[in-house]
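Architecture at a glance
Below are the chains, spelled out letter by letter.
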Amino acid sequence: MSETHAIVVEKVLPYAPDVIWRMLTDSELIAKWLMPNDFVASVGHRFTFKTRPMGDWDGVVHCEVLECEPPRLLRYSWQGGADSNPDYGSKLDSEVTFTLAPVEGGTQLRMVHDGFRFPGNAIAFEMMSPGWARIMDRIASLAAEA
């Protein structure tokens, strides 16, 4: 039986929720802090993120917007990887949720990437955990430029 794990990152950013929402939902801005994509903030929209291929994985993350409540909640599926790719972990079938809450001095941004099944997704979990923390910092930097 496999265990399921989640990456959780929270940060208070000194910007209004609508500024942070734009960072999370504008395709061109997402490409600056994550990956090239064809994202549209509309429930049911299917989109992809593209990065360099690794082993048998083609580098494409297949996603679908599951919830979109501006400027409070964004949730999408995240599927990628290949079961024939043991060096990078097995196929990942997960969800990413961003929750925004206004707080004194800005916005509390919480990101949860849930659905890592151990042991198969342990390598992906280990590789992506520090990456999501760095991504929060990039979102903050881009918001400062906006």
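Below, the structure is looked at part by part. (Residues numbered from 1 in each chain as written. Predicted model: local features only at pLDDT ≥ 70, side-chain atom pairs only at ≥ 80, totals over all residues. Heavy atoms only, no water.)

**Topic: the side chain of Ser 94**
Here Ser 94 is to be found in strand β5 (residues 92-103). Side chain to side chain, Ser 94 and His 113 meet in a polar contact 2.8 Å long. (Helix = DSSP H or I, 4+ residues; strand = E, 2+ residues; numbered from the N terminus. Polar contact = N/O pair within 3.5 Å; in protein donor to acceptor, adjacent residues only side chain to side chain.)

**With respect to the pairing of β5**
Note that strand β4 (residues 73-80) and β5 share 8 bridges and pair antiparallel. Across the sheet, the residue bridging to Leu 73 is Thr 99, located in β5. (Pairing = 2+ DSSP bridges.)

**So, the packing of aromatic side chains**
For the coordinates displayed, the defined rule picks out 12 aromatic pairs. Judged by centre distance (5.4 Å) and plane angle (40°), the rings of Phe 49 and Trp 78 are tilted. Placement of Phe 49 in strand β2 (residues 46-50) and of Trp 78 in strand β4 is noted, with a sequence separation of 29 residues between them. We classify Phe 49 as buried; its relative accessible area is 1%. Members of the aromatic cluster, connected to one another through ring pairs, are Trp 33, Phe 39, Phe 47, Phe 49, Tyr 76, Trp 78, Phe 98 and Trp 132. (Phe/Tyr/Trp six-rings, centres within 6.5 Å; stacked < 30°, edge-to-face > 60°. Buried < 20%, exposed > 50% of the residue type's maximum accessible area, 1.4 Å probe, protein only.)

**Re the environment of Thr 4**
Structurally, the position occupied by Thr 4 is in strand β1 (residues 3-13). Between the C-alpha atom of Thr 4 and that of Asn 37, which follows or precedes it by 33 residues, the distance is 27 Å. Setting aside residues up to four positions removed in sequence, Thr 4 forms contacts with Asp 114, Gly 115, Phe 116 and Arg 117. (Contact = heavy atoms within 4.5 Å.)

**Overview of the sheet that holds strand β3 (residues 60-69)**
Across the sheet, 6 strands lie side by side as β1-β6-β5-β4-β3-β2; this open sheet has antiparallel pairing. The strands lining the two open edges of the sheet, one partner per strand, are β1 and β2. For this sheet, the mean angle separating the axes of adjacent strands, direction not counted, is 25°. Examined bridge by bridge, β5 and strand β6 (residues 106-118) share 9 bridges and lie antiparallel to one another. The residue bridging Val 103 from the neighbouring strand is Gly 106, located in β6. Of the strands in this sheet, β1, β3, β4, β5 and β6 touch helix α1 (residues 17-25), which is tilted by about 160° from β5. Each of β1, β4, β5 and β6 touches helix α3 (residues 122-145); the most contacted strand, β1, lies at about 15° to it. (Axes fitted to C-alpha atoms, helices over the stretch in contact; angles between N-to-C directions.)

**Points about unusual backbone geometry**
Residue Pro 70 is joined to Pro 71 through a cis peptide bond whose omega torsion reads -20°. Within the secondary structure, Pro 71 sits in the loop between β3 and β4. The omega torsion across Phe 118 and Pro 119 is 15°, close enough to zero to call that bond cis. Inspection of the secondary structure puts Pro 119 in the loop between β6 and α3.

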